[in-house]
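What the coordinates show
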Amino acid sequence: MAASELYTKYARVWIPDVEEVWRSAELTKDYRQGDGVLQLQLEDGKELEYKLDPKTNNLPHLRNPDILVGENDLTALSYLHEPAVLHNLKVRFTDSKLIYTYCGIVLVAINPYETLPIYGSDIINAYSGQNMGDMDPHIFAVAEEAYKQMARDERNQSIIVSGESGAGKTVSAKYAMRYFATVSGSASEANVEEKVLASNPIMESIGNAKTTRNDNSSRFGKYIEIGFDKRYHIIGANMRTYLLEKSRVVFQADEERNYHIFYQLCASAHLPEFKALKLGKADNFHYTKQGRNPVIDGIDDAKEMSTTRNAFTLLGVNESYQMGLFRILASILHLGNVEVKDRDSDSSIIPPNNGHLSVFCELMGVTYQDMSHWLCHKKLKTATETYIKPVPKLQAINARDALAKHIYAKLFNWIVDHVNKSLHSTVKQHSFIGVLDIYGFETFEINSFEQFCINYANEKLQQQFNMHVFKLEQEEYMKEQIPWTLIDFYDNQPCINLIEAKMGVLDLLDEECKMPKGSDDSWAQKLYNTHLKTCSLFEKPRMSNKAFIIQHFADKVEYQCDGFLEKNKDTVNEEQIHVLKASKFDLLVELFHDEEKATSPTGAAPTTGGRTRLSVKPVKSKAGQSSKEHKKTVGLQFRNSLHLLMETLNATTPHYVRCIKPNDFKFAFTFDPKRAVQQLRACGVLETIRISAAGFPSRWTYQEFFSRYRVLMIQKDVLTDRKMTCKNVLEKLVQDPDKYQFGKTKIFFRAGQVAYLEKLRADKLRAACIRIQKTIRCWLARKKYLRMKHAATTIQRYVRGHQARCLAKFLRRTRAAIIIQKYQRMYVQRTCYKRKQAAALAMQCILRAYMARQLYKALLREHKAIIIQKMVRGWLARQWFKRSLRAIVYLQCCIRRMRAKWELKKLKIEARSVEHFKKLNIGMENKIMQLQRRIDEQNKDNRSLSERLNGLEISHAAESERMRVEVHRLRGAEEDAKNNANKVTTLLEELERLRKDLKNTQKEKKAIEDWAKTYQDEMEQMISELKEQNHLLKNEKNDLNRLIQEQGQQWTEKMQRALKEETQQLENDLNEERSRYQNLLTEHLRLEEKYDDLKEEISLAVNVPKPGHRRTDSTHSSNESECTYNSEFAESEEGSRGGEDVSKAILDMSLFLKLQKRVSELEQEKQSLQNELDRREEQFQRARARDDEEHKKARGAELEYESLKRQELESENKKLKHHLNEMRQSLRGSAEAGSAAPGSPPYTVLLDQLNSSNEELEVRKEEVLILRSQLVSQKEAMQHKATMTEPLPYIEDVQKLTDAKEISQAYMGLKDTNRLLESQLQAQRRSHDNEVEVLRGELQSVKEDNNRQQQLLAQNLQLPPEARIEASLQHEITRLTNENLDLMEQLEKQDKTVRKLKKQLKVFAKKINDLEGGQMDVSPGQTTDEPVHPVNIPRREKDFQGMLEYKKEDELKLVKNLILELKPRGVAVNLIPGLPAYILFMCLRHADYVNDDQKVRSLLTSVINSIKKILKKRGDDFETVSFWLSNTCRFLHCLKQYSGDEQFMKHNSPKQNDHCLSNFDLAEYRQVLSDLAIQIYQQLIKSMENILQPMIVSGMLEHETIQGVSGVKPTGLRKRTSSIADEGTYTLDSIIRQLNSFHSIMCQHGTDPELIKQVVKQQFYIIGAVTLNNLLLRKDMCSWSKGMQIRYNVSQLEEWLRDKNLMTCGAKETLEPLIQAAQLLQVKKKTDEDAEAICSMCNALSTAQIVKVLNLYTPVNAFEERVSVLFIRTIQTRLRDRKESPQLLMDTKVIYPVTFPFNPSSLALETIQIPGSLNLAFLTRV
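In this convention, every chain numbers its residues from 1, walking through the sequence in written order. The model is predicted, so local features are restricted to residues of pLDDT at least 70 and side-chain atom pairs to those at 80 or more, both for listing and for counting; the totals for chains, interfaces and linings are taken over all residues. Excluding hydrogens and water, the side-chain figures rest on all heavy atoms present in the structure.

Whenever strands of a sheet pair, they do so through backbone hydrogen bonds, lying parallel or antiparallel. Strand order in the open sheet formed by three strands is S18-S19-S20, with antiparallel pairing between adjacent strands. Each of the sheet's edge strands pairs with one partner strand only, and the pair in question is strand S18 (538–539) and strand S20 (556–560). Pairing between strands is defined by DSSP: at least two bridges between them are needed. Strands here are runs of E lasting at least two residues and helices are runs of H or I lasting at least four, both read from the DSSP assignment and numbered beginning at the N terminus. Judged from the two bridges that link them, S18 and strand S19 (residues 547–551) form a sheet pairing that is antiparallel. Residue pairing across strands places phenylalanine 538 opposite isoleucine 550, the latter belonging to S19. Pairs of residues are marked as contacts when any of their non-hydrogen atoms sit within 4.5 Å. In this analysis an axis means a line fitted to C-alpha atoms, helices contributing only their contacting stretch, and an angle means the value between N-to-C directions, from 0 to 180 degrees. Contacting S18 and S19, helix H17 (residues 520–531) runs over the sheet at an angle of about 40 degrees to S19.

This is the structure:
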């Protein structure tokens, strides 16, 4: 394939970049052979000309297709080179948040600097048992592969974890060990992982320090060897250390620290126990202040010190040893502060009384003089003499530092030894897995001896790694029979030879160390002279003569020669050591006790237990060799230990984990390409890629190749032989045969060939897409044209119709207009004529009226004038007469006035004189007399005149009458004239007035109209304003109503939600309690089985069981199967089987002692729990007794109150009777006084009525007495019941629990039970108080009725006697009758209360027995030989029938034939469902009938233990477990149905009610059977899960139910399970067939329908959980096509549920998370709307699961797109408020709590026939 075919326009390449190392670009022009420049465009749009190297003319690396980016295995990439690897790691790490990636056999782990939820027990369970390539990369996958190969190949394994400081090596090693401890089943026994974790704080404190790259850098290497026994359970561990950086004790670079333990000591110096160490701050000591940064952010050294001390305690280091260790560490700090001064140029001295040296000597227990002397002197030995020579200051300081380093190294080794002792096991080791946590390749600005050793070790490891990779490649080629061609790979043996060969760097260094005057400079010159010209890997720096450069496999490293000799010698003044050995400090002496024997820097203990050791320590050291061995250089020791390590690794199967540090700033998920490339080059990942790329890196099976590239074939190319098909196609597609090879099962491709095939496939698919698009667009255009044509025709039809209709309408309107015009014109003319006619007539009328009025007015004026003249003339005459009369009268008056004045004057004058008076008197007398005479005369004249007058009057009267008539006539005429005139005047005046009124009215009308208009305007304005206000108010009202409704609706919804949530919470709590209880039963069963196994192993290890009776342990619980069943045949079988086992077993006393110790611990623990439970039970009984006493007191008061009430009622009756007698006597008296005498008929009738009422009253009295007696008897019965239900005292020894945790758990359990019972008693007490209040109310009402009756009697006394008596008697009879009815009703209520109390007492007794049933010897499983606490079985007296009689000795035979030897697949198939349960119950009924409690107990115990035994024996057989689950439930239902309880007898027939148990109450055994049914159900679920588990992943995920939907992507070295269905591959049909099998078996066995629903629900939960968990851990399964596949599979499962009528069992809801995950794979994932839709849709998935699926989403085809990081962050933002568990995977071990709803049987017991095949002829029907 020519370059021109690949380097075409739009092809993407990688070009070098300074910042990003590699940068992506795209060709804008095709490349042609010979071009020197490539036209490129960067991703940011910038144009670039890339110049090719004219010498090599190498083209830039091609970029892989997007479909391959993010692959789990780097070897799956088509183009294998550095930029492809770097980009793939970056995409997985930053975009998908995946930290693990395979690179062939290497697992690349990138430190995320963030805690991830991918290391839980659920993840461990998901990876357990899986192939390494079937799951996403993980450290657990590597650990599982190592564990599996160890068990399969019987070969030791090694996991090599490497990487630079801060890359996460220690964490990876810790997770690998956690995985081993979990999957090996020893996490709860050996606790090796816990011990190792407990050692971590210790090893980190003494071996870790802060560096510039890591705050917690391990400054030593370690190899942890985890040992396994023959069953591959962890039995122990051992840790070895390498190359502790001792120089850090005395020197630290800037921004670095010493080992953590020193700073922890200084931070804890204030503690009282550390006062004697005389420590202070870290800045006060020379050894801890050189780095000038003694504090690590976020780390509390004092708290870390507490953790370290606790870890020491856990590992068995007591307090005294701990304080000794701290004394030594403190003395090292004080030693560093010892000041040495110059005495002269060749000697030095320590000033006397140096404070720090004094403290050092005091802490170390040595003398001050000796230590100060030998710090400044040294001893020189010659052949004959010994000299003591002073040393200069510099050498003295170096000697001081060497001593400090030596002491610390000894202390480090001592601690490692004690850690190994705590991890050591005495059991023989069968195999091991080693975990090597070793430093990676290091290069700093200044590299010294430590870096040289580290890089030397990495060279050796890299060589071993290269050889292993090369070996695997060779094996793969040979396996596939590919012609082997030598692959050229980098061999670092020359570099290793440069270091370790003869005359190598280490050899020359050791030789220089032996020279008396050897120095670093002379050694450097030797290196230059030896290797500079002979070795190309050795170089000399240009500007230095004290350094050298070595070309390692990773990079060139420059080493500074200063300090090499000193560090290699690691010399210590022997006299100083002797001083320390002479110390009085025991621990210090112990450190230096084996000084002569130590040849390894680790100080490991001798080899034990068959372990492979890496130390070079001889088994036995000779005295003469001690000094020589002690003088071994550090380099030599390290080289020897490294050789042993390599031998160990070569003897094991290695697994590689390369840890990468993504950045130097510890930012989470931040990828620095420069740092990553450096580490990838250093750890050998790129070398692996290069070796793979040199051969055939891409490998496909023939079926996978056919499935993937089927689109490139035509129909005639497809043959039945897939291999020939692939060969034919490849010959056509790839012309160069060297680009591929055909193996036995795989096709091997060169690098880049898969990309070429992918390009051809993409082009073919693109062409097919174009053709499909063309056809679809044509079809869409034609459909659109046809729609438009049809629409145009339709529009035309409707338009023309509309026009025709418009024309017809126009014609109709024209004709109608003419007619309208005709009639309109006629109407106008007629109207005009009529108007003119009316006008003419009106004018004529008006004219004629006018003329008439004018004539009338003329006549009227003439008449008026005459009248006016007449009136004027009369008026003038009258006026003249009146004036004349007035003048005459006036004249007369004047004259008379004048005369009167004159007369008056005279009289005045006369009156003034007396004489005048006298004369006047005389004259007066005369005058009187004269007047008297005159009067007489006048009278006479008057008489005559009157007579004359009478005559005149008569005549005058007649004349007057005549004149009067005439005057009357004249006056009438005058009046008429006047009236007429007045009438005219009045009319005129009225007319004028009316005109004025009219004017006024018009004015008023105008004013009123103006006012009305103004008022109307104002009112309209006001109305409009009111309307607006009304509208606003209405709107406000509507808003308020709407708001109220919304609030009401919200409150309603909120209350409904709250109610629903509360209900759901209560249901969840109930399910949790039920699940917790069932889990406890499961744990109890597991402990029983474990106890059985231990007991059997002990019995087999001690002696051979003899035939006959075998004694059982009396301490066993009654629920245990081994303590009650002692049949002969069982014993014989067990005896024979035990003999066979013993014949095959090998006695192991250590195992026996361990098991015996474990059994004794379990028994002691059980006894302590029993004692604590007894004590808690006694406390509970005392509290319950107090509550019962209070309840009795309250009940007694209530009964006394009722008796008082009865007495009051009786007294009232007596009073009424007395009133009746009085009434009778008064009646007799009134009868004697009246007409009704005794003996008369009315009196007799009344007397009879009175007598009858009196008799009825006596009857009521007797009823009251009967009620009183019944109440007293009930009270006595309740007291008797209370005394009977009190528990029997336990007479057992009480011991205290030793475990505080168990005490607290037992106490909390009993405390909760006490609270529950107390709440129930309080509720009962409140109900009794309510009843008392009701009775008081009734008493009050009775009193009121009595008062009303008295008032009624008083009123009746006013009535007539007969009516009064009749009314009184009738009322009294009515009252007594009502009172009787009330008393009867009250009696019924009391009876119900008594029954309710009895039931509650039964419930309380049952709960107490349940508490006792777990550990006490009172349970139904107890044998008759060991009665400790028999069950209280109350007797009954009822009829019986439908029973089976058997003899006591036939019980074993019954159990054997009916349970132990019954085969569900044989005889049981043809039986009635539940027949064994019916037979057992009929036998139980007979035992109940004969009233034999021992027989009942023995039968039930034997049945329960036999079922347990058969389940233990055949617990893996689903059919057997299902059969006995069905029969156990049926037996339980029979016990309930025939128990006699009303709640279970509702559906019974009368005959079935007659069959109820008559003598015993078996409620306690019902609870035991319910627990047994729960255990069987859980066993059924486990058996079903074991069958389904291998099918689920293959059938639901891997198998293509819809062929052709999923595409196969290229895979790497870690081949995944093929999705193509082979003969042994499980499919969805396999799962459905298995589900059908489960369902048919359960239906055949007669399992309850509700129980079947629960089993199906559990099945579907397992299917959904396992499928979803694998989906979340497999990147290749997260694609659009796989989502469609999953949804189709789920629909098939739903269809199965519909066929079985199980849609309501809740199984579909358990698949909801899987359904939503499949939908998530298929929905759009781009916009915010899509994010909102996903958040609302995926409510059954957690946030972690949603994000995980989005991160894992992988396009299978080039047309799909990846999910952007921004979209995933949007999803996380929207879901951050969710409150949910952070757990990623679903718990597949969850078992829903099971319930057994009561299901009565309609089968009559007397109709059951026992088939002869059961061999139960000894049973007799009764």
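So, next bit.
Moving on, we come to a nonpolar patch on the surface. The grouping of Ile772, Ile776, Trp779 and Leu780 at the surface amounts to a nonpolar patch, some 420 Å² of accessible area in total. By the secondary structure assignment, isoleucine 776 is in helix H27 (residues 753–910). The class of isoleucine 776 is partly exposed, set by a relative accessible area of 43%. In this analysis, a patch consists of residues with relative accessible area above 30% that form no salt bridge, clustered at 9 Å for like charges and at 5 Å for the nonpolar side chains Val, Leu, Ile, Met, Phe, Trp and Tyr. Computed with a 1.4 Å probe, the accessible areas rest on the Shrake-Rupley method; for each residue, only the protein chains presented here act as cover. By convention in these notes, a salt bridge is any Lys or Arg side-chain nitrogen within 4 Å of a carboxyl oxygen on Asp or Glu. Relative accessibility under 20% of the residue-type maximum defines a buried residue, over 50% an exposed one, and the middle range a partly exposed one, all with a 1.4 Å probe and only protein chains included.

In the Ramachandran plot, asparagine 1701 falls in the positive-phi region, its phi being about 55 degrees despite a non-glycine side chain. When you line up the elements, asparagine 1701 lands in the loop between helix H42 (1680–1699) and helix H43 (1707–1710).

Moving on to helix H7 (residues 260–267). In terms of residue burial, H7 counts as a mostly covered element, since seven of its eight residues are buried. Buried residues of H7: His260, Ile261, Phe262, Tyr263, Gln264, Leu265 and Cys266, and no others.

This paragraph deals with the pattern of salt bridges. According to the stated counting rule, one finds 43 salt bridges in the structure shown. As a salt-bridge pair, aspartate 997 and arginine 993 come within 2.9 Å of each other at their nearest N and O atoms. Residue aspartate 997 and its partner arginine 993 are both found in helix H28 (residues 914–1102); the two are separated by four residues, about one turn of the helix. It is possible to trace a salt-bridge network through shared partners that takes in Glu164, Lys661, Asp664 and Arg675.

So, on to the sheet that holds strand S23 (residues 740–742). Taking strand neighbours across the sheet as the criterion, the three strands line up as S22-S24-S23 in an open arrangement whose pairing is antiparallel. In this open sheet, the two edge strands, each paired with only one partner strand, are strand S22 (698–701) and S23. Across the sheet, the mean angle separating the axes of adjacent strands is 20 degrees when strand polarity is ignored. Each of S23 and strand S24 (746–749) is contacted by helix H26 (residues 722–733), which is oriented at about 160 degrees to S23, the strand it contacts most.

Glancing now at the packing of helix H41 (residues 1649–1672) against H42. Running from amino to carboxyl end, H41 crosses H42 at an angle of 175 degrees, the nearest separation of the two axes being 13 Å. Between H41 and H42, the interaxial angle falls into the category roughly antiparallel. Together, Val1656, Phe1660, Ile1663 and Leu1671 of H41 and Ile1686, Leu1693, Trp1696 and Leu1697 of H42 make up the contact between the two elements. Residue composition of the contact of H41 with H42, grouped by class: eight nonpolar, no polar and no charged. Angles below 35 degrees are treated as roughly parallel, those above 145 as roughly antiparallel, those between 65 and 115 as roughly perpendicular, and all remaining angles as oblique. For this classification, Asp, Glu, Lys and Arg are treated as charged, while Ala, Val, Leu, Ile, Met, Phe, Trp, Tyr, Cys and Pro are nonpolar and the rest, including Gly, are polar.

Attention now moves to the pairing of strand S13 (residues 341–344). Along any regular strand, the residues point their side chains to alternate faces of the sheet. Bridge count for S13 against strand S14 (residues 347–349) is three bridges, and the pairing is antiparallel. Paired with aspartate 344 across the bridge in S14 is serine 347. The hairpin turn running from S13 into S14, its antiparallel successor, is two residues long.

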